[in-house]
Amino acid sequence: MPVVESRCIVPVEPQVAFAVSQTQGAIRKRWDPFIRRQHLVGGATVPGKGVRTYTVQRFGFAMESEYVSYHPPSNVGMKMTKGSWFFERMGGGWRFTAAEGQPGHTLAVWRYNFTCRPKWLAPLAERIGVLVLQRDIDRRIRGFARGCEDPVVLAHGAAQRTA
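Residues numbered from 1 in each chain as written. Predicted model: local features only at pLDDT ≥ 70, side-chain atom pairs only at ≥ 80, totals over all residues. Heavy atoms only, no water.

Naming follows an unreviewed UniProt entry, where the protein appears as SRPBCC family protein of Curtobacterium citreum.

What follows is the structure, given as structure tokens:
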């Protein structure tokens, strides 16, 4: 099963980094270049374990995913429940820890795994998928880092943490 990982250090505490990562709607679009649209489904109003999210990626690919873990401020995990025809499985996790030797900073590590279908095409598709997904995840985590310095995103995250 192919795995891609991207990491960065952001100049905020883990609880702030976590809050930024869980923003929704217009605030999410300020920092996340991966999404065209994203919203919670099934009547959910806040993210949490078992909550599903519908995401339309910037090229129009759609996916429904479910939070399989939700542990503020340290990590979240998701798995695809419905998606594009070429993914048999997809899952990911985002982890936030205090950056060693850098007070007030967080190490964000985002890791995804996937398998492709059909089986006969998977060896080639997965090699290509690693390249494409790695580029997207690197671009996305750079956007997240910018979001962790955006006063509008940070104010929204602070409001969410106190709500």
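Still more ground to cover, so stick around.
It is worth spelling out the packing of aromatic side chains at this point. What the rule picks out here adds up to 12 aromatic pairs. Each ring, one from Phe 18 and one from Tyr 70, has its centre 5.4 Å from the other, and the planes form 70 degrees; the classification is edge-to-face. Of this pair, Phe 18 sits in helix H1 (residues 14–21) while Tyr 70 is found in strand S4 (residues 62–71), placing the two residues 52 residues apart along the sequence. These aromatic residues form a ring-pair network of at least three members: Phe 18, Trp 31, Tyr 67, Tyr 70, Trp 94, Phe 96, Trp 110 and Phe 144. (Phe/Tyr/Trp six-rings, centres within 6.5 Å; stacked < 30°, edge-to-face > 60°. Helix = DSSP H or I, 4+ residues; strand = E, 2+ residues; numbered from the N terminus.)

Strand-to-strand pairing in sheets goes through backbone hydrogen bonds, with the strands running parallel or antiparallel. Taken together, seven strands build an open sheet; the order of strands is S1-S7-S6-S5-S4-S3-S2 and the sheet is antiparallel. Bordering the open sheet on either side are strand S1 (3–10) and strand S2 (35–41), each of which pairs with just one other strand. Ignoring strand direction, the axes of neighbouring strands in this sheet form an average angle of 20 degrees. One ladder, built from six bridges, connects S2 with strand S3 (residues 52–57); its direction is antiparallel. Within S3, the residue paired with Ile 35 across the bridge is Gln 57. Here H1 sits on the sheet in contact with S1, S4, strand S5 (75–82), strand S6 (87–98) and strand S7 (106–116), set at roughly 150 degrees to S6. Packed on one face of the sheet, helix H3 (residues 122–147) meets S1, S2, S3, S6 and S7 and runs near 155 degrees to S7. (Pairing = 2+ DSSP bridges. Axes fitted to C-alpha atoms, helices over the stretch in contact; angles between N-to-C directions. Contact = heavy atoms within 4.5 Å.)

A contiguous nonpolar patch, built from Leu 124, Ile 128, Leu 131 and Val 132 and spanning about 370 Å² of accessible area, is present on the exposed surface. Looking at the secondary structure, you find Leu 124 in helix H3. A relative accessible area of 44% places Leu 124 in the partly exposed class. (Patch = residues over 30% accessible without salt bridge, like charges linked within 9 Å, V, L, I, M, F, W, Y side chains within 5 Å. Areas by Shrake-Rupley, 256 points an atom, 1.4 Å probe, with all protein chains shown as cover. Salt bridge = Lys/Arg side-chain N within 4 Å of Asp/Glu carboxyl O. Buried < 20%, exposed > 50% of the residue type's maximum accessible area, 1.4 Å probe, protein only.)

Core analysis: the biggest nonpolar cluster contains 34 residues, and Val 10, Met 90, Phe 96, Trp 110, Tyr 112 and Phe 144 have the highest contact counts within it. Elements represented by at least two residues in this core include exactly S1, H1, helix H2 (25–31), S4, S5, S6, S7 and H3. Per-element accounting of this core gives the leading share, six residues, to H3. When residues no more than four places from it in sequence are discounted, the contact partners of Tyr 112 are Pro 2, Val 3, Val 4, Met 78, Met 90, Gly 91, Gly 92, Trp 94, Leu 133, Ile 137 and Arg 140. (Core = buried A, V, L, I, M, F, W, Y, C linked by side-chain atoms within 4.5 Å.)

Below, the discussion takes up the pairing of S1. Every other side chain in a regular strand lies on the same face of the sheet, so the side chains alternate between the two faces. Residues of S1 alternate between two faces, with Val 4, Ser 6, Cys 8 and Val 10 buried on one and Val 3, Glu 5, Arg 7 and Ile 9 left unburied on the opposite face. Across eight bridges, S1 lies against S7 in antiparallel orientation. From the neighbouring strand, Val 4 faces S7, where its bridge partner is Tyr 112.

What follows deals with the pairing of S4. Across five bridges, the pairing between S3 and S4 is antiparallel. Bridge pairing links Tyr 54 to Glu 64 in S4. Linking two consecutive strands that pair antiparallel, namely S3 and S4, is a turn of four residues; a positive phi of about 100 degrees is found at Gly 60 within it. Across seven bridges, S4 lies against S5 in antiparallel orientation. Directly across from Tyr 67, in S5, lies its bridge partner Met 78. The hairpin turn running from S4 into S5, its antiparallel successor, is three residues long.

The element H1 is largely enclosed, with a buried count of seven among its eight residues. Every buried residue belonging to H1 is among Pro 14, Val 16, Ala 17, Phe 18, Ala 19, Val 20 and Ser 21, and all of these are buried.

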